[in-house]
Every structure is written in structure tokens, then in C-alpha cells.
Amino acid sequence: MTIQEWLNNDQLGIDIWEKKYRYKDETLDEWFDRVSGGDPEIRKLIVDKKFLFGGRILAGRGIDSVKRSLSNCYVISPPNDSIESIFECGSKLARTFSYGGGCGIDISNLRPNGAIVNNAAQTTSGAVSFMDFFSYITGLIGQAGRRGALMISISCEHPDIEEFIYIKNDLEKVTKANISIRMTDKFMQAAKDRQDVTLSFTTEVGEKIEKVVNAYDILMQIAKSNWQMGEPGMLYWDRISNWNLLSNNPEFEYAGVNPCAEEPLPAGGSCLLGSINLSEFVTNKKFNETEFCNAVKIAVKGLNQVLDEGLMKHPLKEQQDSVRDWRQIGLGIFGLADALIKMEITYGSKQAIDFIHFMGSRLINSAIEESAILAKEFGTYPKYDNRVLDTDFFKFVAGSEATNLVKNYGLRNSQLLTCAPTGSLASLFNTSGSAEAIFATSYNRRTLSLNNKETVYKVYPKIIQDFINSGYTEETLPKYVVTAHQVPYKNRIDMQAALNMYIDASISSTCNVPENISVNEIADLYMYAWLAGCKGVTIWRDNCSREAILTTGNNKPENSTDPTPIFNSISPISRKQLGTTIGATHCKKCACGTLYITTNLDKDGNLVEVFTHTSKGGICQANLNAETRLISLGLRSGIKIEEIEDQLKGIHCPACQMAKAKGQQIDGMSCPDIISRTIKEFTNNGWTICSQYQEEKPIVANSTIETKDKCPECGESLVRQSGCRSCPNCGFSYCG
């Protein structure tokens with residue numbers, strides 16, 4: 001068999017295999033042998049396109065000449081509250097990235113901004129200030145043509161939570177990491193009830209830093225940041241901690257999650273990945289339950305084989321020890337949307353959710369049964385505790401056969417199931433990723449011919465191509481064929497919540513929402529996902545600000561050039577077009593008395609105007625009027641707020657300096673400096689006052705900036721699915 005025959009001449013799949021997974025000039029049959037480890041059952045599943053290991057295994061299994069891990073996922077031991085531990089954590093990150101692993105770290109142990117430290121600085125810059133250090137390391141270490149992948153998380157109870165929420169609103173900060181918040185049930189309930197909560201941190205010397213905030217206001221700030229920038233993500237930490245096979249093991253504790261958040265792991269933890277292609281188990285509109293269960297058992301056996309082979313390939317001793325003690329594997333799925341279409345079931349419907357319960361129950365029971373049989377032959381994982389039988393998760397999912405096997409033999413693995421993004425795996429087989437709906441019914445793909453002429457042609461996912469071949473068009477597809485943007489987003493959450501009931505790790509998943517969704521609706525989705533029992537949720541709004549701005553950054557093909565600035569071209573949104581605004585007036589002290597600064601937002605929470613008035617008039621009033629008119633003009637023209645702040649801050653006024661010298665209270669070095677500080681304070685906290693006035697569609701200033709994040713390899717627009725950005729044109733994926 002040739003690669004063309006195996007992949008039905010799909011050029012994208014062929015390119016992915018050759019660029020990512022093929023070792024040197026090995027043939028397809030040699031690749032099957034290497035990747036399967038010589039196991040005939042595993043080999044047959046791969047040949048039949050029913051199962052694939054994770055990308056690290058496909059690329060590295062059986063190759064001992066390269067220092068390369070077979071695991072995609074790691075969580076580094078969280079740094080302790082000392083400079084030595086922080087830099088040791090950075091060293092561990094670098095070493096793990098150099099072996100090809102993606103990492104997660106949690107910074108909740110680091111003291112908040114302003115806390116006392118016993119060094120020359122006297123006070124610390126806070127937990128959030130070290131995120132750029134970890135991000136820098138991630139961008140520095142290469143991984144066969146790509147950078148590392150990093151997730152940074154923090155507890156919702158940390159006093160620096162608000163600074164964490166907004167850190168990536170500055171496009172120059174933490175550019176190489178995803179960020180997520182570990183949200184507790186207590187905090188979410190307080191947000192639901194509009195109650196205050198106390199954020200607290202106690203240092204090793206007994207200093208206690210506390211801050212009282214309104215939980216709902218914090219949730220709205222998270223929603224606002226997500227609406228603008230697509231982050232942070234949400235981790236429902238109590239659900240993660242309590243819904244698994246280790247929830248009552250006193251020796252076990254989760255320390256963080258991997259970059260795509262499908263793998264909560266202990267300190268130093270790691271996990272191998274593999275995925276079952278559900279689409280290949282549907283024939284004549286029927287799902288083959290027997291073949292599926294058998295495939296799950298073979299896959300669990302195969303992942304355990306790889307775990308043993310790769311034990312000493314983990315770069316750090318703490319990782320080797322954790323893998324040896326807990327033996328965590330992560331078997332998941334892809335091709336769910338294709339399977340549903342083959343069964344003529346609409347994604348997101350009640351019938352689709354019923355199928356998830358049917359499939360999910362058989363998935364987890366087959367995995368448990370095989371792990372117990374392996375424990376009979378090879379022994380349990382070293383930290384096994386028979387109290388696993390009493391966990392809420394096991395009691396809910398386990399059937400009688402699985403229960404009896406575990407009672408008699410224990411388990412070979414402490415963790416069994418996950419749902420990784422599977423972007424490259426799905427593209428290899430031209431099928432849908434993970435548990436997502438199909439993203440689109442067609443894509444435009446660009447190629448260069450032999451005479452170097454660019455050709456653009458339309459390509460279809462295989463499931464859609466089959467319809468086209470049988471006489472349908474994209475416009476006449478059956479009603480049960482729906483794309484991600486056609487699925488109501490609460491139905492999308494319901495699908496994830498149903499699957500989550502059978503997954504002991506978690507699910508990497510993206511809820512794609514339309515551009516005109518409001519901040520309030522995003523906050524409602526966070527609440528809905530928590531109430532539904534999800535372990536986490538990532539929400540991505542089409543054409544959010546990050547998507548637009550990233551296009552002009554470093555994510556571009558090597559042969560592209562920076563555009564020449566177009567001067568004298570931007571027309572601001574007119575004040576009349578904005579209509580009614582809402583905001584606040586701030587009372588600040590300057591040399592001329594009280595400086596009243598009014599900051600106004602449009603109905604989507606965008607800062608659009610600033611004006612001032614002083615209690616005593618003062619000789620600078622005309623200058624202030626001109627200054628604030630130009631500020632407002634810049635805001636309505638789309639200039640970044642941070643740029644305006646930077647231009648104003650630090651300006652000195654002799655009158656203010658003289659007043660300070662006399663002991664008067666002055667809120668800055670000059671009126672422009674005070675305005676800069678006020679704008680920053682307001683944009684971080686003040687937008688919530690207008691949230692109830694939000695309309696559906698945001699107003700966007702005229703701009704020549706494109707509004708799609710571009711692929712760094714081919715320059716085409718990326719799509720966001722399964723918690724990861726990937727390219728439908730060339731197969732590039734930020735998740736490997």
C-alpha cells in the first residue's frame with residue numbers, strides 16, 4: 001500500500017504524514033511497523049484508520065537516536081514562593097520543551113503584587129509579573145520547526161486575579177502561552193448570587209494579603225477580556241478534582257493542566273495520547289458497538305506498551321517518577337461529527353446527546369476492563385488504592401463487569417480517558433476533530449504549480465465530498481449536516497457536558513460564538529457550562545480584537561513583508577454614530593484644584609471619549625480641552641488605549657510638583673499624567689457599569705488590518721477548534 005492509496009490521494013493528509021510523522025525515507029509499511037511497535041492488532045487499527053496514537057508517538061516511537069519524549073502533555077511542579085524556585089521552574093520548562101513536550105504551570109503559590117520580600121526590592125512585583133519570563137522561555141526553545149506550548153493558570157482566590165485577567169490585553173505580554181483561571185464552585189456560586197468574596201494569600205513569614213471583590217464583577221471582567229481577546233479560559237477546578245478515579249486518594253493532587261487543558265496532571269505529571277476515529281465504526285447508518293469496544297481495549301493495551309517504552313525518555317526525573325507511580329494514559333476520540341452525519345443525526349440535538357451517552361459509557365467501561373486485565377498480568381500502578389471503587393466517577397460509570405474486574409485485580413492506570421484537540425490527526429484522515437462539529441463544508445486551498453503559478457481550489461471534508469459525489473451541492477446538503485457556527489452554543493456546551501460525564505481527565509474544546517455576541521452572553525455561557533458539569537470551557541468570538549491584531553504581528557510566512565504605513569487615510573467613527581454613551585466622572589486632585597475626568601463607553605464597552613473640567617478653571621483649561629478632544633479622536637479611530645496611556649504618562653508639570661512639595665495631595669505628575677492613570681484604572685475596572693446596555697453588534701472603526709489570525713507556514717487563515725488554532729490549508733497546528 002502507498003501513502004496515496006491509504007489517504008485516498010488527499011494531498012493535505014499526505015503532506016502532514018511526510019512532514020510530521022514520517023522518519024527520513026521510511027515506507028508506509030515500515031511506518032506502520034514502527035508506530036505499532038510490531039503489535040498486529042494495533043497495526044490493523046491504524047491501517048483501517050480506526051485509531052491513531054498522538055503526534056509525539058507517531059513521530060518518535062522506535063527512534064532512539066533522538067532525545068525526544070513520546071508524551072505530548074506535561075505539568076511542571078508549580079514554583080514555590082522564592083526566586084530560586086521560579087528560575088528552577090524555568091529551567092524545567094526549557095528542558096521539557098527541548099524534548100518536544102508541551103507544559104502547564106500554575107502560579108498560585110507566588111505572592112501577590114506589593115507583598116513584602118526580604119531583598120533589595122522590599123516588595124514583590126507579584127505572581128503575574130513572572131508570566132513573561134515563562135512565556136519568553138517557551139518562545140525560545142525550538143521543537144522541530146515550532147515553538148513550545150505553554151499553559152499558565154492561577155487560582156480565582158489569588159489577590160492578583162484581576163491583573164491576571166487583563167495581562168494579555170497588552171499584545172506585547174505573555175505572547176507564547178495560553179492562560180486559564182482555576183475557578184472554584186464557591187466562587188461561581190458567589191457570582192451566581194452576586195455576592196462578595198475575599199481573595200487571600202498568606203506568605204511564609206505570616207503576612208496576610210486580603211482583598212474583597214464582588215464575584216460577579218470578576219466573572220464579568222473575565223467575560224469582557226474573553227470578548228476582546230479570546231482569553232482567559234475557564235477551569236472548573238472542583239469538578240476536575242472530584243470527577244475522576246483518584247478523587248479520594250490522599251496521595252494525589254492535581255497541580256495544573258497541559259497547554260490545551262484536556263489533561264489535568266499532578267506535579268511533574270505526564271500523559272500519553274491516542275484517539276479512536278468514531279467515523280470508521282459507522283456502516284449503513286449503524287454504529288458497530290462490538291468493534292468499537294474491542295478497538296478501545298486494543299488502544300489501551302497499545303498506550304501501556306508505549307508508556308513502558310518511553311519511561312526513560314522523559315527529560316526530568318520528577319516526570320519519570322510520576323509516570324512510573326501513576327501510569328496515566330489519555331485515550332480519546334475524533335470523527336464524532338462525521339459519525340453523526342453518517343447516522344443522519346444532527347450535531348447538538350437530543351439524539352446526538354443520547355449517542356454520546358451510549359458511546360461514552362462503552363468507551364469508559366471498555367477502557368476500565370482492559371486496564372484491570374493488564375493489572376492482572378503486570379500488576380497495578382504503584383500508587384493504586386482500592387478506594388477507587390468508591391469514587392463518585394467510578395460508581396457512576398462502571399458496569400458490573402468492570403466493577404468485578406477492578407475488585408479482583410485493581411487497575412494498571414490511574415487515568416484512562418481524555419479528549420485532545422486531534423487537529424493534525426483529523427486532518428490526516430480528512431475528518432472532524434475531537435468531539436467538535438465540522439468547522440466548514442469547504443475550504444479554499446492554495447498550491448504552487450510547477451511553473452510557480454498560484455492556484456486556488458476548493459476542497460471538501462471527506463464526509464462532504466461523499467455528498468457532493470452523490471449529487472448534492474453545498475447549498476442542498478441534508479438538514480442534519482451542520483457546521484460549528486450553525487450549532488446553538490448552549491447545545492454545543494450540552495454536547496461537551498454529556499461527554500464529560502465519561503471522561504476522567506478532561507476535554508480540549510472550543511465553543512465558537514458569533515462576532516455579535518455580547519459580554520453578558522459570554523458570562524452566561526461560563527455560568528451555563530459550570531452548571532452543566534463541564535470541567536472547563538474555552539470561548540472564541542469571531543473577529544475578536546486579538547484575532548485582528550495578531551495578523552499584523554510575527555505570525556506570518558517568512559516571505560511576507562510588512563505593509564507600508566498608509567498615512568492620512570483613517571476616518572474616525574463619528575460622535576453622532578456612537579449615539580448614547582455611558583461612563584463615569586472621576587474626581588482627581590491637581591495643582592489647579594479638583595480635576596473632573598469623564599470617561600465614556602459605547603454600548604459594547606469600548607472606551608470612546610474622554611473630557612475634563614477643573615473646579616477653578618485654571619490657565620490650562622484650553623489645553624486640556626484640546627488634549628481630550630485628540631484623545632477621543634484617537635479612541636474613535638481605533639488607536640490602542642495603551643498607546644494613548646504611554647504618550648500621556650510621566651509628563652511633568654511645575655505647578656503640580658510645587659503643590660506636592662507644599663504637602664498638597666496631587667494624584668499625578670501633571671494633568672496629562674493623571675488622565676493617563678485614570679484611563680488605565682477605568683479600562684481595567686470601570687467597563688462593567690455599562691454591561692447591561694450592550695447591543696448585539698459591536699461598532700468597528702475603519703481599518704486596513706485584516707481580521708483573521710494567519711498560519712505561520714502558509715499564510716492562510718487559521719480556524720479555532722478543540723481549544724487549538726490550526727490551518728485547514730496546510731495542516732499546521734499550534735497543538736502539534
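Look above for the structure.
Residues numbered from 1 in each chain as written. Predicted model: local features only at pLDDT ≥ 70, side-chain atom pairs only at ≥ 80, totals over all residues. Heavy atoms only, no water.

Of all 7 residues in strand E14 (residues 328-334), 7 are buried; the element is thus mostly enclosed. In the sheet, strand E11 (residues 270-277) pairs with E14 via 6 bridges, with the strands oriented parallel. The partner of Ser-275 across the bridge, within E14, is Gly-332. Pairing analysis gives 2 bridges linking E14 to strand E15 (residues 415-417), with the strands arranged parallel. What sits directly across from Leu-331, in E15, is Leu-417. (Buried < 20%, exposed > 50% of the residue type's maximum accessible area, 1.4 Å probe, protein only. Helix = DSSP H or I, 4+ residues; strand = E, 2+ residues; numbered from the N terminus. Pairing = 2+ DSSP bridges.)

The subject of this paragraph is the packing of aromatic side chains. Scanning the entire structure with this criterion turns up 24 aromatic pairs. Centre to centre, the rings of Trp-6 and Phe-429 are 5.5 Å apart; their planes meet at 85°, and the pair counts as edge-to-face. Of this pair, Trp-6 sits in helix H1 (residues 3-6) while Phe-429 is found in helix H18 (residues 423-429), placing the two residues 423 residues apart along the sequence. Per residue, the accessibility class of Trp-6 equals that of Phe-429, and both read buried. (Phe/Tyr/Trp six-rings, centres within 6.5 Å; stacked < 30°, edge-to-face > 60°.)

A word on the environment of Ser-135. Tracing the backbone through its elements, the reader meets Ser-135 in helix H7 (residues 131-140). Here Ser-135 falls in the buried class, since its relative accessible area comes to 2%. Considered as a pair, Ser-135 and Met-151 are 16 residues apart in the sequence and their alpha carbons are 9.3 Å apart. Those residues within four positions of Ser-135 in sequence are excluded, and the remaining contacts are Leu-150, Val-174, Thr-175, Lys-176 and Ala-177. A distance of 2.9 Å separates the side chain of Ser-135 from the backbone nitrogen of Lys-176, its partner in a polar contact. (Contact = heavy atoms within 4.5 Å. Polar contact = N/O pair within 3.5 Å; in protein donor to acceptor, adjacent residues only side chain to side chain.)

Moving on: helix H3 (residues 28-36). Of the positions making up H3, those classed as buried are Leu-28, Trp-31, Phe-32, Arg-34, Val-35 and Ser-36. Here the buried face of H3 lies against H1, helix H2 (11-21), helix H4 (40-47), strand E1 (51-53) and helix H5 (55-60). Of the residues one or two after H3, Gly-37 is the one with positive phi, at around 65°.

Looking now at the packing of helix H9 (residues 185-192) against helix H10 (residues 215-229). Relative to each other, H9 and H10 sit at 100°, their axes nearing to 7 Å. Overall, the two elements H9 and H10 adopt an arrangement that is roughly perpendicular. Residue-level inspection shows Phe-187, Ala-190 and Ala-191 of H9 in contact with H10, the latter providing Ala-215, Tyr-216, Ile-218 and Leu-219. Its residues placed into classes, the contact of H9 with H10 shows 7 nonpolar, no polar and no charged. (Axes fitted to C-alpha atoms, helices over the stretch in contact; angles between N-to-C directions. Parallel < 35°, antiparallel > 145°, perpendicular 65-115°, else oblique. Nonpolar A, V, L, I, M, F, W, Y, C, P; charged D, E, K, R; others polar.)

As a further point, take the nonpolar core. The biggest cluster of nonpolar side chains holds 116 residues, and the ones touching the most others in it are Trp-6, Trp-31, Ile-46, Phe-53, Ile-276, Phe-292 and Leu-331. Here this core takes 11 residues from helix H15 (residues 350-378), the largest share from any one element. Core analysis: the next-biggest nonpolar cluster, separate from the first, contains 64 residues, Phe-130, Leu-219, Ile-222 and Ile-493 among them. (Core = buried A, V, L, I, M, F, W, Y, C linked by side-chain atoms within 4.5 Å.)

Moving on to the side chain of Gln-228. Tracing the backbone shows Gln-228 in helix H10. At 3.1 Å, the side chain of Gln-228 and the side chain of Asn-169 are in polar contact.

Another point: the pattern of salt bridges. Evaluated as defined, the whole model comprises 31 salt bridges. Put simply, Arg-111 and Glu-204 hold a salt bridge, and the shortest N to O gap is 3.9 Å. Taken as a pair, Arg-111 in the loop between strand E3 (102-106) and H7 and Glu-204 in the loop between strand E6 (196-202) and strand E7 (208-214) lie far apart in primary sequence, 93 residues in all. Accessibility expressed as a relative area gives 8% for Arg-111, which makes it buried. The class for Glu-204 is exposed, based on a relative accessible area of 67%. Note that Asp-385 is salt-bridged to Arg-387, the shortest N-O span being 2.6 Å. Here Arg-387 falls in the partly exposed class, since its relative accessible area comes to 36%. Salt bridges sharing partners connect three or more residues here, namely Asp-29, Asp-33 and Arg-43. (Salt bridge = Lys/Arg side-chain N within 4 Å of Asp/Glu carboxyl O.)

Our focus in this paragraph is unusual backbone geometry. What is expected of a backbone is that most residues other than glycine have negative phi and most peptide bonds are trans. With an omega of 5°, the peptide bond between Glu-231 and Pro-232 qualifies as cis. By secondary structure assignment, the location of Pro-232 is in the loop between H10 and strand E8 (233-236). Of note in this structure, Ala-261 is not a glycine but carries a positive phi near 70°. Note that Ala-261 resides in the loop between strand E9 (256-257) and strand E10 (264-265).

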